[in-house]
Amino acid sequence: MLDAPLTRNLSHSSFRLRCFPELQDRRWILALLFFLCFLSVLLGNSALVYVIRRVARLHSPMYVLVCLLCVVDVLLASVILPNMMLNLLFDWSHISLAGCLIQMFSTYFLSSLESTLLLVMALDRYVAICKPLRYMDIMSSSAFLKLLVFALLRSVSIMSALVVLAGSLRFCGSNVIQHCYCDHMALVRLACVSTQRNHAAGLAVIVCFVGVDIPVIFFSYVKIVKVVVRAAAASEERLKALHTCSTHLMVIVCFYLVGTITFLSGSLNIPIATGLNTLMGVAYILIPATVNPIIYGVRTKEIRRGLQRMFKLGERKIASLKVSSGKRQTLRTSGQEPTSLTLQK
């Protein structure tokens, strides 16, 4: 009789992550796929950041935002993918409650920061196309810095509240989290107390980010399309503006579509198979991080030109090194000392 109350008063301090238990026989293949995804995220986003930093023409607010988006994608993938691969390869599935909450905060903080960056990018394009003469005044360095501070404060405050509420729960049932990382609702489902506040907090997060960001982004692009269509400028300029907007919209759709379904299914208790829910939770992070560098690198003319310019510069350096080494070799075979004056000649 005393065992039941005693068990209810206990709370787990460590958990096990179950990452695709239906595919345990093929976990090496899964680990390889996730490794290739992680590698593509690192290489693609790092290359884009390198190009934007090296090419002076790309030091405008829009490309700085693209650069920040790439950094956030790399950090977000680094928070979950290494642990997932260790789990699949060596069955290192144990995680402490503190570690789980830290991973949860990092994941949701970076995801919300990415959402805010996409919002700021939409506003930047709105000002650039709808109010081009006032662009430098509106998107000044101080205004840009204020937007970034706002993005950080909003993400930190809202996600801290979400994680603190999850950490205040007692977990006296199962300690197995049915997910590849510490997902909020996957952890909350293990609680043996009322979780109404947690469900309400999850819905508040959706309202604050999806419910606010998507309408503002949609309104911005509707205004942009109207201005572009009505503009008396050449058709080439219209196509260029629409091309830029369509690039941003592709990134936005990749980010919000899967993310919204994942959040809503957990917060509203929509019945979705565990494996599918886990897959959507991972895809929500991996797809944007993998696709963003390809979309921006291929579809943005300025970035593409920057890449081409850097490749040409690299080829010239390699060619000049080959020529100088060939001259040194020729001088050595002829018995002359390869001085710097001789090489210049």
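Residues numbered from 1 in each chain as written. Predicted model: local features only at pLDDT ≥ 70, side-chain atom pairs only at ≥ 80, totals over all residues. Heavy atoms only, no water.

Now for the confidence of the model for the protein chain. Across the protein chain, pLDDT averages 80, with 81% of residues at or above 70. In the model, residues 1-9 has pLDDT below 50 throughout and makes five contacts with residues more than four positions away in sequence or in other chains. Low pLDDT, under 50, characterises residues 340-345; the stretch is placed with seven contacts to residues that sit more than four places away or in other chains. (pLDDT = per-residue confidence, 0-100. Contact = heavy atoms within 4.5 Å.)

Inspection of the secondary structure puts threonine 107 in helix α4 (residues 97-130). For threonine 107, the contacting residues outside a window of four places in its chain are Leu76, Val79, Ile80, Tyr181 and Ile285. (Helix = DSSP H or I, 4+ residues; strand = E, 2+ residues; numbered from the N terminus.)

The next thing to look at is helix α2 (residues 27-54). In this model, α2 (28 residues) spans 40 Å end to end at C-alpha, consistent with the 40 Å of a helix rising 1.5 Å per residue. Along α2, the residues classified as buried are Leu30, Ala31, Phe34, Phe38, Val41, Asn45, Leu48, Val49, Val51 and Ile52. (Expected span 1.5 Å × (residues − 1). Buried < 20%, exposed > 50% of the residue type's maximum accessible area, 1.4 Å probe, protein only.)

Glancing now at the packing of aromatic side chains. Tallied over the full model, the rule gives four aromatic pairs. The interplanar angle of 90 degrees and the centroid separation of 5.3 Å between the aromatic rings of phenylalanine 15 and phenylalanine 171 together place this pair among those described as edge-to-face. Here phenylalanine 15, found in strand β1 (residues 14-17), pairs with phenylalanine 171, found in the loop between α6 (141-167) and β3 (176-177); they are 156 residues apart in sequence, far enough to count as distant. We note that phenylalanine 15, like phenylalanine 171, is buried. Judged by centre distance (5.4 Å) and plane angle (40 degrees), the rings of phenylalanine 90 and tryptophan 92 are tilted. (Phe/Tyr/Trp six-rings, centres within 6.5 Å; stacked < 30°, edge-to-face > 60°.)

To continue, consider the state of the cysteines. All told, the structure shown has three disulfides when counted by the stated rule. Put simply, cysteine 100 and cysteine 182 are joined by a disulfide, and their sulfur atoms are 2.1 Å apart. Looking along the S-S bond of the cysteine 100-cysteine 182 disulfide, the torsion reads about -125 degrees, which is the left-handed sense. Taken together, the positions of cysteine 100 in helix α4 and cysteine 182 in the loop between β3 and α7 (184-188) put the pair 82 residues apart, joining distant regions of the chain. In this model cysteine 172 forms its disulfide with cysteine 192; the gap between the sulfur atoms is 1.9 Å. Here the S-S torsion is close to 140 degrees, and the disulfide linking cysteine 172 with cysteine 192 is therefore right-handed. Within this pair, whereas cysteine 172 is found in the loop between α6 and β3, its partner cysteine 192 is found in the loop between α7 and α8 (196-230), the two being separated by 20 residues in sequence. The exposure class of cysteine 172 is buried, given its relative accessible area of 15%. (Disulfide = S-S within 2.5 Å.)

Those places that UniProt annotates as "transmembrane region" (unreviewed entry) correspond, in this numbering, to residues 28-51, 63-81, 101-123, 144-166, 200-221, 241-264 and 276-298. Helix makes up 100% of residues 63-81 and strand 0%, with an end-to-end C-alpha separation of 27 Å. Taken end to end, residues 200-221 comprises 100% helix and 0% strand; its first and last C-alpha atoms sit 31 Å apart. (UniProt positions renumbered as here; feature names shortened; annotations may be inferred.)

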